[in-house]
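# Coordinates in review
One letter stands for each residue in the lines below.
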Amino acid sequence: DAGVTQSPTHLIKTRGQQVTLRCSPKSGHDTVSWYQQALGQGPQFIFQYYEEEERQRGNFPDRFSGHQFPNYSSELNVNALLLGDSALYLCASSDIGGFYGYTFGSGTRLTVV
Amino acid sequence: KQEVTQIPAALSVPEGENLVLNCSFTDSAIYNLQWFRQDPGKGLTSLLLIQSSQREQTSGRLNASLDKSSGRSTLYIAASQPGDSATYLCNTGGFKTIFGAGTRLFVKA
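All of these numbers come straight from a predicted model, not from anything done at the bench. (Residues numbered from 1 in each chain as written. Chains lettered and ligands numbered in written order. Predicted model: local features only at pLDDT ≥ 70, side-chain atom pairs only at ≥ 80, totals over all residues. Heavy atoms only, no water.)

### Focus: the nonpolar core
Looking at soluble globular proteins, one finds that nonpolar side chains tend to be buried together. Note the threshold: Side-chain atoms within 4.5 Å link the members of a nonpolar core, which is a set of buried Ala, Val, Leu, Ile, Met, Phe, Trp, Tyr and Cys residues. Per-residue accessibility, obtained with a 1.4 Å probe over protein chains only, is compared with the maximum for each type, and a residue is labelled buried under 20%, exposed over 50%, and partly exposed between these values. Starting at the N terminus, helices and strands are each numbered in turn, a helix being any DSSP run of H or I of at least four residues and a strand any DSSP run of E of at least two. The contact rule is simple, with two residues in contact once any of their heavy atoms fall within 4.5 Å.
Counting 21 residues, the largest nonpolar core has Leu21(B), Leu33(B), Trp35(B), Leu75(B), Ile77(B), Tyr88(B) and Leu105(B) as the members making the most contacts within it. Those elements giving two or more residues to this core turn out to be strand 3 (19–25), strand 4 (32–38), strand 5 (44–51), strand 7 (62–67), strand 8 (72–77), strand 9 (86–92) and strand 11 (103–108) of chain B. Per-element accounting of this core gives the leading share, four residues, to strand 3 of chain B. The contacts of Leu21(B), once residues within four sequence positions are left out, are Ile7(B), Leu11(B), Trp35(B), Ser73(B), Thr74(B), Leu75(B), Ile77(B), Tyr88(B) and Thr103(B). Of all hydrophobic cores here, the second largest spans 20 residues; its members include Val4(A), Cys23(A), Val78(A) and Ala87(A).

### Concerning the sheet that holds strand 8 of chain B
Backbone hydrogen bonds are what pair the strands of a sheet, in a parallel or an antiparallel way. Residue and element names in this part refer to chain B. How we decide: The criterion for strand pairing is that DSSP finds at least two bridges linking the strands in question. Axis definition: a line fitted to C-alpha atoms, limited for helices to the stretch in contact. Angles are taken between N-to-C directions and run from 0 to 180 degrees.
Here we have five strands laid out as an open sheet, ordered 1-3-8-7-6, and antiparallel in their pairing. Two strands bound the open sheet, and with one partner strand each, they are strand 1 (4–7) and strand 6 (56–59). Each neighbouring strand pair of the sheet contributes to a mean axis angle of 15°, computed without reference to strand direction. Where strand 3 lies against strand 8, six bridges are found, and the strand directions are antiparallel. When the sheet's bridge partners are listed, asparagine 22 is paired in strand 8 with threonine 74.

### Some thoughts on the state of the cysteines
Put simply, the rule is: By disulfide we mean two sulfur atoms from cysteines, separated by a distance within 2.5 Å.
Using the criterion set out here, one finds two disulfides over all chains in the structure. With a sulfur-sulfur separation of 1.8 Å, Cys23(A) is cross-linked through a disulfide to Cys91(A). Its torsion about the S-S bond being -60°, the disulfide of Cys23(A) and Cys91(A) is classed as left-handed. Here Cys91(A) lies in strand 9 (residues 87–94) and Cys23(A) lies in strand 3 (residues 19–24), a separation of 68 residues in the sequence. Pair check on accessibility: Cys23(A) and Cys91(A) agree, each one buried. Two residues share a disulfide in this structure: Cys23(B) and Cys90(B), whose sulfurs sit 2.0 Å from each other. Across the S-S bond linking Cys23(B) and Cys90(B), the dihedral sits near 80°, which makes this disulfide right-handed. With a gap of 67 residues between them, Cys23(B) in strand 3 and Cys90(B) in strand 9 connect regions that are remote in the sequence. When its relative accessible area of 2% is taken as the criterion, Cys23(B) is described as buried. The exposure class assigned to Cys90(B) is buried, which follows from its relative accessible area of 0%.

Taken by themselves, the reported measurements are silent on function.
Quick look at the structure:
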């Protein structure tokens, strides 16, 4: 049973560029959540997608956007990259309310230079 | 607004010790509480999930308790091993998960 799959594993981008990160949820899950984790800190909630719509959003600017596809997979897009966007980006899947907990992927390490 | 605090921020213990990690939260209206382990630069591995109606969960050497009324959860690790060295994170579940900053654990051989 495949868990949560994220791609790519590592990425280096230049300031001002745009980036797209991808996530495939665990089989049986229909909800995808994205997190940003800076070094030495806990994950910060970016947003959550269910039924192809953004249902919840954390305190992140509009440069951060996402999409969910009919097969429940999801993308995180970040525009106009800043040095401060360098972080580990984590994807988690769950049922809609997270009542049975969250399953996380291995993350994408984004470095902005 | 939910806030989650984990104490201590870091912990170094000799192998074989029993230890307790603490997680406190400000809003007791949670669906569940989940404990994770994170190795450096890696994703999160779920350790234990406690539903709001439960008081504790056990898995092997790990035991997690939940006291919603006081806004606290503890993770008890018995007979610690060097392989337990990692960062331990708790989060309050539901629609919008909130994480603590984690406890960095180092178990010395």
